[in-house]
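Here is how the chains run, residue by residue.
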Amino acid sequence: MPEISSPPPEAWRRDPHVARGPLVQILVDGLPLEAHDGEPLIVALGAAGCLAMRRSPKAGTPRGAFCLMGSCQECLVHVDGAPVEACMELVRSGMRVELDRLARDLRKLSER
Amino acid sequence: MTQSYDVIVLGGGPAGVRAAIAARRQGLTVAVIDEGRRPGGQVYRAPNFTVSAADLDANPDLVRGERLRADFAGSGAELFARHRAWFAAPGIKVSAAGPEGATWFESRALILATGTSERAIPVPGITLPGVIGLAAATVLLKAHGAVPGSPTLVAGVGPLLYAVATSILKHGGQVAAVVDLSRPGEWAAALPGMISRPDLLARGLGWMLSLKRAGIPIHHGSTVTAIRGDVNVQEVEICPVDGNWAPIAGARRKTIAAKGVAIGHGLTPASEFARILAIPHRFSAERGGWIPTLAPDRKAMDGVYIAGDCAGISGAAAAEIAGTLAGLSAARDLGALTDAKYAELALPVSRSLARAERFGWTISKLMSLRPGLARAIASDTVVCRCEDVARETIDDAAKAGATHVNQLKSLTRCGMGPCQGRSCGEAAAEIMAADTNTSREAVGAWTARTPLRPLPLDVLLGSYVYEDILKPPPLPA
């Protein structure tokens, strides 16, 4: 997970003139990430350059947020164990985010 | 848990909020069910940050949105925020899943104001992370105050192109180019219809002017033919189109470097609730696709009214007015308004609706999908994102005899994934119409299936004691 201070060029950028909540820490696949309390999770991930949330279940191609309004289901992640759309979920301190868990679970099942 | 109201409104955008206020004003109890945290819908979406006076000065949509929210707050109508309606039946029953689990609603009238979905006709690379919808870009910019990967290429059709590109610059991002399917002549031809809202027309012209001034290249009459990159967007290939929006074979293609893409090809009505209620639909390319049939007073069937873009794309201004009309009609039918009083209140509303629709329909017509775009989809391009169904699989289904999109769905799982065909429906239907040499009318629309949104089973089940469940006696051994 890249640091917020040096995001890659494809990362989303927060407008510095917009007032946001205080910085809190969340965990993304076990790694700490600083994010603003109350901002959409997708913005925290996007601003860190984490654009791929998951892989498509059949072809396994990387996917990320597309509609940003809870319709397309492409940004589905797990937060504290439950599947949620990263575009509809808000950041709160200490939340545990898992990317691509569904595909990993499916792979585990097929390896049995 | 069951909640009873006189009127249930599905959707807290401009149409739903105005419908709720109008019905509440006549003394009815009203509940609005919406996925968002605050009323406003998408066009008037409430920002996720503290709004400053400067923000309000710069953005008339924000002013309208704040007014909409203030009016709603003072109306006495109730908002069930973060609630996802997933079922509706005549009678009227509605079910929604919220943060505290499932809630059943009962009402005497139902007003559908579920808005629209964005259409995105796939091109190679559209599933790359970093490629987002044009409507998604507006959410990212105005609600979240963030810009996509920069420079961003903004592509598709309609005024959103210019709104998004201008907003990216305003929020400190860079724009690689605007790629507009429409030609300047098509914009010029739309001018007479846009005169009815000089304020909106002036705003649109202002966007174009500020992009010109910033030296942003604008490619009219062009489309994106490929988005390339290994894990992220690196470059975008564009090509001029003919009058049907088909890329012109042999025309010189241009490659533009970009780190993000916002792409959208117009809007299509989100009429799933009207479809599960078996309200008849008709196809209207100019109004965005399949639209429910309804009377001028917004009544679609006994106790059910429809307002806003889910009844056919008309824009946010028309949606507010149609919402008011739907609320009044529901109040009349529930006996809260006499016919005479209804006529008095509805007449000026209907007149201003006609004016607003003139503007909205002009834009909707400009954005209406032309057949060349979907016909040009390459055989290995993924059309159904959820199930990874490529164009060639759809072609094979048509060759095997599928003539309707529901047959396509059964044969290929196209449209059967978690988005329930909202992302691919338009492209799949266009391909089917082309493959079977018929029409959008002939290939039909997906049958809407409940739950209309993905729903965790535990939300549906709620908490229960196993012993309380009625179980059939075991079969004799």
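Computed from a predicted model, the values in this text were never measured in an experiment.

Procedures and definitions
- Residues numbered from 1 in each chain as written.
- Chains lettered and ligands numbered in written order.
- Predicted model: local features only at pLDDT ≥ 70, side-chain atom pairs only at ≥ 80, totals over all residues.
- Heavy atoms only, no water.
- Domains from an automatic or database assignment.
- Buried area = accessible area lost by both parts, 1.4 Å probe.
- Salt bridge = Lys/Arg side-chain N within 4 Å of Asp/Glu carboxyl O.
- Polar contact = N/O pair within 3.5 Å; in protein donor to acceptor, adjacent residues only side chain to side chain.
- Nonpolar A, V, L, I, M, F, W, Y, C, P; charged D, E, K, R; others polar.
- pLDDT = per-residue confidence, 0-100.
- Phe/Tyr/Trp six-rings, centres within 6.5 Å; stacked < 30°, edge-to-face > 60°.
- Helix = DSSP H or I, 4+ residues; strand = E, 2+ residues; numbered from the N terminus.
- Axes fitted to C-alpha atoms, helices over the stretch in contact; angles between N-to-C directions.
- Parallel < 35°, antiparallel > 145°, perpendicular 65-115°, else oblique.
- Left-handed = near helix turned anticlockwise from the far one by under 90°.
- Contact = heavy atoms within 4.5 Å.
- Core = buried A, V, L, I, M, F, W, Y, C linked by side-chain atoms within 4.5 Å.
- Buried < 20%, exposed > 50% of the residue type's maximum accessible area, 1.4 Å probe, protein only.
- Expected span 1.5 Å × (residues − 1).
- Arc of directions from axis to C-beta.
- Pairing = 2+ DSSP bridges.

Overview of the domain arrangement of chain B
Residues and elements named next belong to chain B. As assigned here, chain B comprises domain 1 (2–117 + 268–365), domain 2 (120–265) and domain 3 (377–443). Between domain 1 and domain 3, the C-alpha centre-to-centre distance is 31 Å. Together domain 1 and domain 3 conceal approximately 490 Å² of surface at their shared face, both sides included; 55% is due to carbon and sulfur atoms. Three residues, Glu272, Phe283 and Trp290, lead the burial of domain 1 against domain 3; their summed loss comes to 70% of the area buried on that side. At the boundary of domain 1 with domain 3, the tally comes to 1 salt bridge. As a salt-bridge pair, Arg422 and Glu272 come within 3.5 Å of each other at their nearest N and O atoms. Taken together, the links from domain 1 to domain 3 amount to 1 residue pair in polar contact (both at pLDDT 80 or more). Of the residues in the side of domain 1 that touches domain 3, the class split is 2 nonpolar, 3 polar and 1 charged.

What to know about the confidence of the model for chain B
Here chain B averages 95 in pLDDT, and 100% of its residues register 70 or above. If you check the scores for this complex, the pTM reads 0.94 and the ipTM reads 0.93.

Observations concerning the packing of aromatic side chains
All names here are of chain B. Evaluation of the coordinates by the stated rule reveals 7 aromatic pairs over all chains. Geometrically, the ring pair formed by Trp86 and Trp104 is edge-to-face, given 6.1 Å between the ring centres and 70° between the ring planes. Of the two residues, Trp86 is situated in strand S4 (residues 84–89) and Trp104 in strand S6 (residues 101–112); the sequence distance between them amounts to 18 residues. With a centroid separation of 5.6 Å and an interplanar angle of 65°, the aromatic rings of Phe87 and Trp104 are classed as edge-to-face.

Quick notes on the packing of helix H9 (residues 316–333) of chain B against helix H10 (residues 339–367) of chain B
Residues and elements named next belong to chain B. Following both chains from N to C, one finds H9 and H10 inclined at 160°, their axes separated by 9 Å at the closest point. Accordingly, the angle class assigned to the pair H9 and H10 is roughly antiparallel. In this structure, H9 crosses over H10, and the sense of that crossing is left-handed. Between H9 and H10, the contacting residues are Ala317, Ala318, Ile321, Ala322, Thr324, Leu325, Leu328, Ser329 and Arg332 on the first element and Asp339, Tyr342, Leu345, Ala346, Val349, Ser350, Ser352, Leu353, Ala356 and Glu357 on the second. Its residues assigned to classes, the contact of H9 with H10 comprises 12 nonpolar, 4 polar and 3 charged.

Focus: the nonpolar core
By size, the foremost hydrophobic cluster in this structure holds 114 residues, and its most contacted members are Leu41 and Ile42 of chain A together with Leu153 of chain B. It is helix H4 (residues 134–143) of chain B that provides the largest number of residues to this core, a total of 8 residues. Three or more residues apiece are contributed to this core by two domains, here domain 2 (120–265) and domain 3 (377–443) of chain B. Those residues in contact with Ile42 of chain A that sit more than four places away from it in its chain are Trp12, Met53, Ala65, Leu68, Cys75, Ala86 and Cys87 of chain A. In this structure, Tyr44, Phe72, Leu325 and Tyr342 of chain B belong to the second largest nonpolar core, which totals 38 residues.

Digging into helix H7 (residues 198–213) of chain B
Turn by turn, an α-helix covers 3.6 residues, leaving residues three or four places apart pointing in a common direction. Residues and elements named next belong to chain B. For H7, spanning 16 residues, the distance from its first C-alpha to its last is 22 Å, which sits close to the expected 22 Å at 1.5 Å a residue. Among all positions in H7, only Leu201, Gly204, Trp207 and Leu211 are buried. Summarising the axial view, the buried residues of H7 lie within an arc of 120°, below the 170-degree limit, and thus occupy one face. Opposite the buried face of H7, at more than 90 degrees from it, the exposed residues are Pro198 and Arg213. On its buried face, H7 is in contact with helix H5 (160–170), strand S11 (175–180), helix H6 (184–194), strand S12 (218–220) and H10. Just downstream of H7, Gly215 is the residue with a positive phi angle, here 75°.

Let's talk about the interface of chain B and chain A
In this assembly, 43 residues from chain B lie in contact with 38 residues from chain A. Both sides together, the interface formed by chain B and chain A hides about 3400 Å², and carbon and sulfur atoms give 54% of it. There are 3 salt bridges connecting chain B and chain A. Between Asp388 of chain B and Arg63 of chain A there is a salt bridge, and its shortest N-O distance comes to 2.7 Å. Ranked by residues supplied to the side of chain B that touches chain A, first place goes to H4 of chain B with 4 residues. Of the residues assigned to the side of chain B that touches chain A, the class counts are 19 nonpolar, 13 polar and 11 charged.

Observations concerning the pattern of salt bridges
This structure, assessed with the given rule, holds 37 salt bridges over all chains. Between Arg84 of chain B and Glu35 of chain B there is a salt bridge; the shortest N-O distance is 3.1 Å. In this pair, Arg84 of chain B is assigned in strand S4 and Glu35 of chain B in the loop between strand S2 (30–33) and helix H2 (53–58), connecting sequence segments 49 residues apart. The network of salt bridges with shared partners includes Arg54, Arg63 and Glu74 of chain A together with Arg385 and Asp388 of chain B.

Here's the deal with the sheet that holds strand S15 (residues 254–257) of chain B
All names here are of chain B. The strand order S13-S14-S15 describes an open sheet built from 3 strands, whose pairing is antiparallel. The strands lining the two open edges of the sheet, one partner per strand, are strand S13 (222–228) and S15. Adjacent strand axes in the sheet meet at a mean angle of 30° when their direction is disregarded. Two elements, strand S14 (residues 235–240) and S15, share 4 bridges in a ladder whose sense is antiparallel. Bridge pairing in S15 links Ile238 to Lys254.

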